[in-house]
Amino acid sequence: MDTEDPGAAVKGPDRRIRCRTDGDVENCVRVLAEVHRRDGYPVNWPDRPAAWLSQDSGLKAWVAELDGRVVGHVSLSRAGEGDLAPGLWSGRNGTRETLTAVVSRLFVAPWARGHGIGALLIGRAVAEARGRGLHPVLDVVASDTAAAALYERLGWERLATLEQRWSPSRLVTVHCYAAAP
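The structure presented is a predicted model; accordingly, all values stated were derived computationally and were not measured.

### With respect to helix H4 (residues 117–131)
Inference 1: With 15 residues, H4 ought to run about 21 Å at 1.5 Å a step, and its terminal C-alpha atoms sit 21 Å apart, in line with that.
Inference 2: By the burial criterion, the buried members of H4 are Ile117, Gly118, Leu121, Ile122, Ala125, Val126, Glu128 and Ala129.
Inference 3: A positive backbone phi angle near 75° is found at Gly133, which sits one or two residues after H4.

Written out as structure tokens, the structure reads:
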């Protein structure tokens, strides 16, 4: 006779979001390289990917683990040169850009998708921003339709779609988003 409780919940993979440590950066770079090969993010591979992940204006960064393996990353920073969403949001709300926090460096390993990890990472960054009295915003390359779909599914508002000059010969279309109030 089967003694297993038919009403018992099926346990899924163990997902965890935690603060990124210096020891996580190497694993994050490996995952980022997988994402870049598969999805082309980041569009321009950084010369120093570890430094790119550990940007100077960073407020905080987190990693996602799936069954004990680092599978994702997100960071929260102050507005920097080239960030468009902070100015759009502050202009629309009659406030200062310093009252925004930029969600960036978000990625999830291709093989770990479908477990809600991207949403968990964004949720953690949003909670931190709000806890600091800041409004979360972000810019995303328009060609990254999967990321844009995730933000919109989570209720983020598209502020604008703009052209941004990344070099003298390169113009890129960027969507700017703000988290729902």
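### As for the pattern of salt bridges
Inference 1: Applying the stated criterion across every chain yields a total of 10 salt bridges.
Inference 2: The closest approach of N and O atoms between Asp39 and Arg113, which form a salt bridge, is 2.5 Å. Placement of the pair is Asp39 in helix H1 (residues 25–39) and Arg113 in the loop between strand E4 (100–108) and H4, with a sequence separation of 74 residues.
Inference 3: Residue Asp39 is classed as partly exposed on the basis of its relative accessible area of 40%.
Inference 4: With a shortest N-O distance of 2.7 Å, Glu157 and Arg92 are connected by a salt bridge. Of this pair, Glu157 sits in strand E6 (residues 157–167) while Arg92 is found in helix H3 (residues 85–93), placing the two residues 65 residues apart along the sequence.
Inference 5: When salt bridges that share partners are traced, they join Arg16, Arg18, Asp24 and Glu65 into one network.

Rules and cut-offs
Residues numbered from 1 in each chain as written. Predicted model: local features only at pLDDT ≥ 70, side-chain atom pairs only at ≥ 80, totals over all residues. Heavy atoms only, no water. Helix = DSSP H or I, 4+ residues; strand = E, 2+ residues; numbered from the N terminus. Expected span 1.5 Å × (residues − 1). Buried < 20%, exposed > 50% of the residue type's maximum accessible area, 1.4 Å probe, protein only. Salt bridge = Lys/Arg side-chain N within 4 Å of Asp/Glu carboxyl O.

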